[in-house]
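# Residue-level structural notes
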Amino acid sequence: AVVSTQSTGGYGMSQSDEVAEHYWLLAGKEGDPDGSVAAQSQLGMFYTRRDTKDMKKAFYWHYFAAENGNLESKGALGVMYYTGGGVDADRELAFKCLCEASERGSLYAQGNLVVYYYESRLFTRAAHCAWSIAQTEDIRAAAEKSGLLLAFSRRGVSLGCFYYARCLQTGKGVQKNEAEAVKYFKKAIEVCPLTAAELQQKLKNDEL
């Protein structure tokens, strides 16, 4: 899958999406374990992009990539089960996938596990997990160690920082401390402005 990786700059924004897709499909071998697991995972990412979105195809490829051992796709699969993206929502399977990926070092899965706990009103667990993620300083090194995309790792840490800040702000699952909350809200923005902006909108909509 060398051609497809080069044509997409390693992630997917390309001058020739059709070429990239073609070579990934060849390398992915319909999800066969003998195929390129990296290509299978890349296809999962490719089909979640705004301009090439097909969530059922994204789920298909993430499912097989995860079954074949890909950590990135295992975390993505957990989120898809949780949100119902490309598949019927299943909280039990979401929790299973997120826990497995978290235990293997996925910051993205860890951040989304915080969301799962928080939205399940398990605030003590949410605060504890969020605090742990928020202590991550060298995100690039953590991403490289686990073989994950830096952008996804940043999103996971930003989720952890923001939700920990919200717990501190409201006193949910942790002692209320508004000064510390400000500190972690700022860190969430620094780590991943886009993720923080999405969460700030949820706050404004009284959804968090």
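What this report covers is the structure whose coordinates are included nearby. Just so it is clear, the model here is predicted, and its values are computed rather than measured. (Residues numbered from 1 in each chain as written. Predicted model: local features only at pLDDT ≥ 70, side-chain atom pairs only at ≥ 80, totals over all residues. Heavy atoms only, no water.)

### Thoughts on the side chain of Lys187
Its place among the elements puts Lys187 in helix H11 (residues 178-191). A distance of 3.3 Å separates a polar atom in the side chain of Lys187 from a polar atom in the side chain of Glu137. Beyond its immediate stretch of four places on either side in the chain, Lys187 contacts Ala134, Gln135, Thr136, Glu137 and Cys161. (Helix = DSSP H or I, 4+ residues; strand = E, 2+ residues; numbered from the N terminus. Polar contact = N/O pair within 3.5 Å; in protein donor to acceptor, adjacent residues only side chain to side chain. Contact = heavy atoms within 4.5 Å.)

### Some remarks on H11
With 14 residues, H11 should reach 20 Å at 1.5 Å per residue; the first-to-last C-alpha distance of 20 Å fits that figure. Of all the positions in H11, only Ala181, Tyr184, Phe185, Lys187, Ala188 and Val191 are classed as buried. Seen from one end, H11 has its buried residues packed into an arc of 160 degrees, which puts them on one side. Exposed positions of H11 whose direction lies more than 90 degrees from the buried face are Ala179, Lys186 and Glu190. Looking at the buried residues of H11, the elements they touch are helix H8 (123-134), helix H9 (139-146), helix H10 (150-170) and helix H12 (193-204). (Expected span 1.5 Å × (residues − 1). Buried < 20%, exposed > 50% of the residue type's maximum accessible area, 1.4 Å probe, protein only. Arc of directions from axis to C-beta.)

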